[in-house]
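# Reading the structure
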Amino acid sequence: MANFQTHLNGGIFVSVTAVLGLHSAGLVEQGATLDYFALGVAGSLLPDIDADASKPVRAFFNVLGVAVAFAMTLPLIGKLLPLEVALIWVGVFLCVRYLIFELFARATVHRGIWHSWLGIAAAALATVNIAYWTMDRSAESAWIAGLMVGIGYLTHLVLDELYSVDLLNSRVKRSFGTALKPFSLADPRSSLAMLAVVVALAWFAPALDRGLLPAEHLPRMAVVVADRLVETLKGVIEGAGPVVQSLIDWIRTGAANL
């Protein structure tokens, strides 16, 4: 699998390209490009959150602990004594950094459900909801933020798969197929739980005026997409029929002439 530096470099390159493309399309304003770029790079490092001993994971829980501690203690300033607020801050930080980290480490397996399509969807949709509901961003801005995290996340998984193929020795490593997978067959309970999270996040996600995945029309959209998929597959199968029959006839003719 690719190392941290490779993931970082890949995330930077893809995020720059994606932000420039969105800016050229008029979807990103000049002053917001740096924020979206940072989200893309963060997304490219996010899948390794299930690697318990890695530095990015510890750094993530350090930042999360600080953020949660400030979020919980800032409203208490002026209502409690400074020493009491400080003790609560330290307690919340230690709880997130060590207790929640330990629970998360025991509940996750490296290259498990976080290295999957469901992981991409969960990270992107979580970003959309956080940006919209807690940071007062517009629906379009929130979806672009989620898109950037999803692009970075996908970049990470693709790099892991590319590094699972040894082109020089013409062999495929055992890790091939463990990163870019739809879900985790090894842990169906985690897959079902992640699927439930993705559905819930999609349901609460804000609607877009441009019609891109409006949450209130999600069931209807699923029906339309399914119908179109069935029609497409039907056409492919019907078109492949004569080709397969011709191939069978050709084989039979060749065998008869042997």
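Here's a quick rundown of the structure.

Below, the discussion takes up the overall build of the protein. Check the secondary structure of the protein and you find eight helices and two strands. Starting at the N terminus, the α and β elements of the protein follow one another as α-α-α-α-α-α-β-β-α-α. Counting over 258 residues, the protein shows a buried share of 33%. Put simply, of all contacts in the protein between residues at least 6 apart along the chain, 69% involve residues at least 24 apart. As displayed, the protein offers around 16200 Å² of accessible surface, 71% of which is attributable to carbon and sulfur atoms.

In this structure, D136 takes a positive phi of about 60 degrees despite not being glycine. Within the secondary structure layout, D136 lies in the loop between α5 (117-133) and α6 (139-162). Here D136 falls in the exposed class, since its relative accessible area comes to 72%.

For any two helices packed against each other, one specifies the crossing angle of their axes together with the interaxial distance. With their axes 8 Å apart at the nearest point, helix α1 (residues 4-24) and helix α2 (residues 33-45) run at an angle of 145 degrees to one another. Our pair here, α1 against α2, has a crossing hand that is right-handed. In contact with F4, H7, L8, G11, I12, S15, V16, V19 and H23 of α1, α2 contributes T33, Y36, F37, G40, V41, S44 and L45. A class-by-class count of the residues in the contact of α1 with α2 yields nine nonpolar, seven polar and no charged.

Turning to the packing of aromatic side chains, a few remarks are in order. With the rule as written, the count across this model stands at three aromatic pairs. Taken together, a centroid distance of 5.4 Å and an interplanar angle of 70 degrees make the contact between F70 and W89 edge-to-face. You can see F70 sitting in helix α3 (residues 55-73) and its partner W89 sitting in helix α4 (residues 82-107), a full 19 residues away along the chain. Measuring from ring centre to ring centre gives 5.7 Å for W89 and F93, while their planes differ by 15 degrees; the resulting arrangement is stacked. Note that W89 and F93 are positioned in helix α4 at a spacing of four residues, about one turn of the helix. Judged by its relative accessible area of 22%, W89 falls in the partly exposed class. The rings of F70, W89 and F93 are connected pair by pair, giving a single aromatic cluster. The ring of Y98 carries the charged tip of R97 above its face, separated from the ring centre by 4.9 Å.

Residues W114, L125, W143, Y153, M194 and V198 are the most contacted members of the largest nonpolar core, which totals 24 residues. With seven residues, α5 is the single largest residue contributor to this core.

Let us look at the packing of α5 against helix α7 (residues 188-204). Remark: α5 packs on α7, axes separated minimally by 9 Å, with the N-to-C direction vectors making an angle of 35 degrees. Of the two elements, α5 crosses α7, and the hand of that crossing is left-handed. Note on element contacts: α7 touches α5 through S191, M194, L195, V198, L201, A202 and F204, opposite L118, A121, A122, L125, A126, N129 and W133. Classifying every residue of the contact of α5 with α7 by side-chain character gives twelve nonpolar, two polar and no charged.

Counting through the fold element by element, L118 comes out in helix α5. Between the C-alpha atom of L118 and that of V197, which follows or precedes it by 79 residues, the distance is 9.3 Å. Excluding anything up to four places from it in sequence, L118 contacts I113, P182, F183, S191, M194, L195 and V198.

Cut-offs and rules
Residues numbered from 1 in each chain as written. Predicted model: local features only at pLDDT ≥ 70, side-chain atom pairs only at ≥ 80, totals over all residues. Heavy atoms only, no water. Helix = DSSP H or I, 4+ residues; strand = E, 2+ residues; numbered from the N terminus. Buried < 20%, exposed > 50% of the residue type's maximum accessible area, 1.4 Å probe, protein only. Contact = heavy atoms within 4.5 Å. Areas by Shrake-Rupley, 256 points an atom, 1.4 Å probe, with all protein chains shown as cover. Axes fitted to C-alpha atoms, helices over the stretch in contact; angles between N-to-C directions. Left-handed = near helix turned anticlockwise from the far one by under 90°. Nonpolar A, V, L, I, M, F, W, Y, C, P; charged D, E, K, R; others polar. Phe/Tyr/Trp six-rings, centres within 6.5 Å; stacked < 30°, edge-to-face > 60°. Lys NZ or Arg CZ within 6 Å of the ring centre and 35° of its normal. Core = buried A, V, L, I, M, F, W, Y, C linked by side-chain atoms within 4.5 Å.

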